[in-house]
Amino acid sequence: MSRPCIALIADPTSPEGCADYLARAVELLTGAPPVRIDSRHFADGGSGRAARAGDRLRLRVPEERLDVVPDIVVLYEIPPHRRRSLAAFQRLLREHDVVTLGTGTAAWRTATEKDRTVERFRRDGIAHMETVVLSRPAPHEAAAAFDKLGRDTWARPVIGTGGDDTFHVTTEEQLKQAAAYYAERDTDWLLSRDAGNFRPDGRRHQFRVFVLHGQVIHAREHIQPEPDTPCNTCQGATPVHIAPADLPAPLGRLAVAATASVGLPFAGVDLAIENGGVVFEVNVQPAFVDGELPLVAVPYVQAHLTALAARRAPAPDRRLPA
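Let me sum up the structure you'll find in this document. (Residues numbered from 1 in each chain as written. Predicted model: local features only at pLDDT ≥ 70, side-chain atom pairs only at ≥ 80, totals over all residues. Heavy atoms only, no water.)

### Some thoughts on the sheet that holds strand E2 (residues 35–38)
Here is step 1 of the chain: Strands sit in the order E2-E1-E6 across an open sheet of 3 strands; the sheet is parallel. One side of each edge strand has no neighbouring strand; the edge strands of this open sheet are E2 and strand E6 (72–75). With strand direction ignored, the average angle separating the axes of adjacent strands in the sheet is 25°.
Here is step 2 of the chain: In this structure, strand E1 (residues 6–10) lies alongside E6, joined through 4 bridges in parallel fashion. Counted as the bridge partner of Ala7 is Val73 from E6. (Pairing = 2+ DSSP bridges. Helix = DSSP H or I, 4+ residues; strand = E, 2+ residues; numbered from the N terminus. Axes fitted to C-alpha atoms, helices over the stretch in contact; angles between N-to-C directions.)

Next up, the structure:
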């Protein structure tokens, strides 16, 4: 079998560096680097061109003299606020039956827009902390939600990343500041009851569980010494790798259920073991940390290669013997 042509399409403005992990994974598995393409070329209004080439899809970016007919498209590291502008391109990939795990526009939107995530979790019975969605609330509306949720809450935007715009709210003044912050940015936001996710030593913690095709492939615990700061690694939390076999089984089952609920084939699920196990969010394209090249990036790329091999395999001969 010839070496597959893999296009790695990502947004270079992202600071996460996931595309570098994925490029190394492609080279490890195939012996050749992927063709790297700036995803903004194929967003709404971009200069990229996609057209049928026989039974394949041809991708061209004239100003970069890029012209490729990929066997596989790895679409990753797209910032949340730019995902909707790629919906038409995702539909094109699906219509042309391109081998990729990145074509589910509805699933992307459900997981990216946290108000939709909460609606889906309620529908499917996915355990999560009680949450109120707020849209430019009047002061008394925000105060009523704050009281309802026990006055120990977390505020976060409907669309966000990294935790820079997430706040621990325990006072009226903090609530007022959070409401003003989101109003200034003209964004809806969520207020959720605090999960009380503390270790015995007083540090906050949560788990990130990576799910691929209904199986837990890796997990890590995020340990945060600052109780008023999100448990994101980019916010100073320390990641501790956990083998799937060592993850508490109920957390694994909850992560798989949450991934299925939003409709993704691959996700990084943030959850806590407290309160019987609750999901915070489902990440469409979770960031990688040191040590996760073989644990997450390689299995993710391998899933694409496996799908390509299945497609190329000859159909079984179903003729009856003479």
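### Some thoughts on the nonpolar core
Here is step 1 of the chain: Ranked by size, the top nonpolar core spans 40 residues in total, and within it Ile37, Leu59, Leu264, Val279 and Val282 carry the most contacts.
Here is step 2 of the chain: Residue contributions to this core peak at 5 residues, all from helix H7 (residues 249–262).
Here is step 3 of the chain: Leave out the neighbours within four places in its chain, and Ile37 touches Ala7, Leu8, Ile9, Ala10, Phe42, Leu59, Val61, Leu66 and Val68.
Here is step 4 of the chain: In this structure, Ile6, Tyr21, Leu22 and Val296 belong to the second largest nonpolar core, which totals 29 residues. (Core = buried A, V, L, I, M, F, W, Y, C linked by side-chain atoms within 4.5 Å. Buried < 20%, exposed > 50% of the residue type's maximum accessible area, 1.4 Å probe, protein only. Contact = heavy atoms within 4.5 Å.)

### A short note on unusual backbone geometry
Here is step 1 of the chain: The phi dihedral of Arg65 is positive, around 55°, even though this residue is not glycine.
Here is step 2 of the chain: Residue position: Arg65 is located in the loop between strand E4 (56–61) and strand E5 (66–68).
Here is step 3 of the chain: Positive phi, normally seen in glycine, also occurs at His213, with a value near 50°.
Here is step 4 of the chain: Turning to its location among the elements, His213 is positioned in the loop between strand E11 (204–212) and strand E12 (215–224).

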